[in-house]
Amino acid sequence: MASPEIVIEGRNINRDYVSRAGLFGMARVVHAVRDASFAVQRGKTLAIVGESGSGKSTLARIITLIDPATSGTLLIEGKPVDIATQPMTKALRATVQIVFQNPYGSLNPRQKVGDVLTEPLLLNTETPAAVRRDRAMAMLLKVGLKEEHFNRYPHMFSGGQRQRIAIARALMLNPRILVLDEPVSALDLSVQAQVLNLLRDLQDEFNLTYVFISHDLSVVRYLADDVLVMLNGEVVEHGSRDTVFSAPQHAYTRKLFAATPVTDVAAIRARVARRTEALKARPGAG
Amino acid sequence: MPPLLDIRNLTVTFDTAAGPFKAVDGIDMSVSAREGLAIVGESGSGETGAMLAVMGLLPNTATVTADKMDFDGQDLRALSDRERRQIIGRKITMIFQEPMASLNPCYTVGFQIEEVLRHILGMSAREARKRAVELFQAVGIPEPEQRLHSYPHQMSGGQCQRVMIAIAIASNPKLLIADEPTTALDVTIQKQILDLLVDLQEKHGMALIIITHDMGVVAETADRVVVQYQGKKMEEADVLSLFETPRNPYTRALLSALPEHATGGRLSTVSDFMAAQAAENRGEGA
């Protein structure tokens, strides 16, 4: 078939967590992800959207091969992968990497930036030390940091710079797939814009496939090719960005759109007019 | 009629190991009765510092100076501690970003709201219980009688923020200050809390100051907006003019960094604005 290459595919993925309610309580099963199916083409971005508890981060951990799925099939570059039954290989680890939400928690405060970046190579490859160092230095420059940052500790950096370090670390093994779990939600607006620009540039340069987890629809609209909306572990909507944004099918997706604050001038004008009326209707205003 | 809160030339300086640091640098600000003011700034712009100075909540390492700091005709600078307590927590109340962290985990939410009603408003236990139920109803907590017996960890983040709001409006304040009230919340919950705040503001005739970094929150709640950057006021305008015709380059930079305003592939960042500004200062033109 001449269809574009599918890099990640999930077929009916489920993930259950079993919690024991207490000494006399019954074991409870939480279905964190139910029957999720999706496919991402090489070089494209799939955005997974949902609120807290929707199962989007659980799905991210399954795709990143951190947690196994309870049932269902995950295919990475066309091959089924099940980390519950087969050992995790270095080659697989080098295929999928992740960037977490909180750059303050995801970097070891006792590790210098240079060591943060060379460690993935040390653990997963036979690269000699001098080459490791050179490649880390090159990656540091690639994500917009400087050579003198190599020997500094994470606390000497701002949130945006730390997120650049986390992105650089994730790219050290030349992964084909990058999972981004809310990578800009902890950042200020202007820094968020810089990191989003960086992610776009890197995707173009390395032909990366992104799985982008977010609750922020404006960011999703900017970055995604396809969108998957999750609610209570279930995929309630899945489609191309333009379809989902122009004609959302599920009531929950429409609710999400309605709740997202709008910054366009017409909407503000309408609100200001309503407010002026409300103030007029209540005499005794100051 | 004079404004409710009137601040002239407010400066907050912190003593740090590296010498004095000016977090707030000569800010003028005022809010009228019933008005909704948004203070916008990214982290480190001193937007919270100014309001903590008004509340008298800054640590001893901070020095506050102002030419004028009047609330409701009283000079906040000249108050004794006893007089201050008549205002802070009664006529001016404040809610914070992390509702879970603002409530005491060791006591039920009912105990915490009744504590305010009994000690600050001098109600009897019976009156306080009755009023607590009314307040919970006013902020939209279902089954208020039962929820009074809940501990904070048994409630969601959105419900905890409703409890905080109920406590904050218990004394019918003239001014409610909300510091990033929805940053920790999901977008659908954010919508509910913002609607609640604006609704209460209109019903109770309060002035409302919302501190935020989110332009969406500004667009949905404010009458007037103050934009701060590095402790200085960049721009002040009514909400419509700010979004329609932002005058200050920093405001323009903030608005164009919004992903929904992306034109073409790249987002403009605040450093683009800084670079343009620096070029202008050197006389090269932007």
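These numbers come from a predicted model, not from an experiment.

Rules of the game
Residues numbered from 1 in each chain as written. Chains lettered and ligands numbered in written order. Predicted model: local features only at pLDDT ≥ 70, side-chain atom pairs only at ≥ 80, totals over all residues. Heavy atoms only, no water. Axes fitted to C-alpha atoms, helices over the stretch in contact; angles between N-to-C directions. Helix = DSSP H or I, 4+ residues; strand = E, 2+ residues; numbered from the N terminus. Parallel < 35°, antiparallel > 145°, perpendicular 65-115°, else oblique. Left-handed = near helix turned anticlockwise from the far one by under 90°. Contact = heavy atoms within 4.5 Å. Nonpolar A, V, L, I, M, F, W, Y, C, P; charged D, E, K, R; others polar. Buried area = accessible area lost by both parts, 1.4 Å probe. Salt bridge = Lys/Arg side-chain N within 4 Å of Asp/Glu carboxyl O. Polar contact = N/O pair within 3.5 Å; in protein donor to acceptor, adjacent residues only side chain to side chain. Buried < 20%, exposed > 50% of the residue type's maximum accessible area, 1.4 Å probe, protein only. Domains from an automatic or database assignment. Phe/Tyr/Trp six-rings, centres within 6.5 Å; stacked < 30°, edge-to-face > 60°. Lys NZ or Arg CZ within 6 Å of the ring centre and 35° of its normal.

A. Molecular detail of the packing of helix 3 (residues 113–124) of chain A against helix 5 (residues 159–171) of chain A. All names here are of chain A. Two numbers describe how helix 3 lies on helix 5: the axes approach to 8 Å, and their chain directions differ by 25°. Looking at the two axes, helix 3 sits roughly parallel to helix 5. When you trace helix 3 past helix 5, the crossing you get is right-handed. Across the interface between the two elements, Val113, Val116, Leu117 and Pro120 from helix 3 touch Ile165, Ala168 and Arg169 from helix 5. Taken together, the residues that form the contact of helix 3 with helix 5 break down as 6 nonpolar, no polar and 1 charged.

B. Spatial organisation of the interface of chain A and chain B. Across the boundary between the two partners, chain A contributes 36 residues, which contact 45 residues of chain B. When the area that chain A buries against chain B is broken down by residue, the three leading residues are Leu189(A), Thr263(A) and Arg275(A), summing to 19%. For the pair chain A and chain B, the number of links is 3 salt bridges. When the shortest N-O distance is used, the salt bridge between Arg269(A) and Glu244(B) registers 2.3 Å. Viewed at the interface, chain B and chain A are joined by 12 residue pairs in polar contact (both at pLDDT 80 or more). Secondary-structure elements contributing two or more residues to the side of chain A that touches chain B are helix 6 (189–206), helix 7 (217–223), helix 9 (251–259) and helix 10 (265–281) of chain A. Here the element with the most residues in the side of chain A that touches chain B is helix 6 of chain A; it accounts for 9 residues.

C. Representation of helix 11 (residues 249–256) of chain B in the model. Regarding helix 11 of chain B, the residues found buried are Tyr250(B), Thr251(B), Ala253(B), Leu254(B) and Leu255(B). Between the side-chain oxygen at the start of helix 11 of chain B and the backbone nitrogen of Tyr250(B) there is a gap of 2.7 Å, and the oxygen is on Asn248(B).

D. Fine view of the domain arrangement of chain B. Residues and elements named next belong to chain B. Here the domain parsing of chain B yields domain 1 (1–91 + 176–247), domain 2 (102–170) and domain 3 (253–286). Centre-to-centre separation of domain 1 and domain 2, based on C-alpha positions: 25 Å. With 13 residues of domain 1 in contact, the opposing surface of domain 2 contributes 10 residues. With both chains or domains summed, domain 1 and domain 2 bury close to 970 Å², and 72% of this area falls on carbon and sulfur atoms. Here domain 1 and domain 2 share 0 salt bridges between them. Put simply, domain 1 and domain 2 have 3 residue pairs in polar contact (both at pLDDT 80 or more) between them. With 7 residues, helix 8 (residues 187–204) is the largest single contributor of residues to the side of domain 1 that touches domain 2. Its residues assigned to classes, the side of domain 1 that touches domain 2 shows 9 nonpolar, 3 polar and 1 charged.

E. View of the packing of aromatic side chains. Overall, the coordinates contain 3 aromatic pairs over all chains when judged by the stated rule. Considering the side-chain rings of Tyr107(B) and Phe111(B), the 4.7 Å spacing of their centres and the 15° angle between planes classify their relative orientation as stacked. For Tyr107(B), a relative accessible area of 39% translates into the label partly exposed. Just above the ring of Tyr222(A) sits the side chain of Arg200(A); from NZ or CZ to the centre is 4.4 Å.

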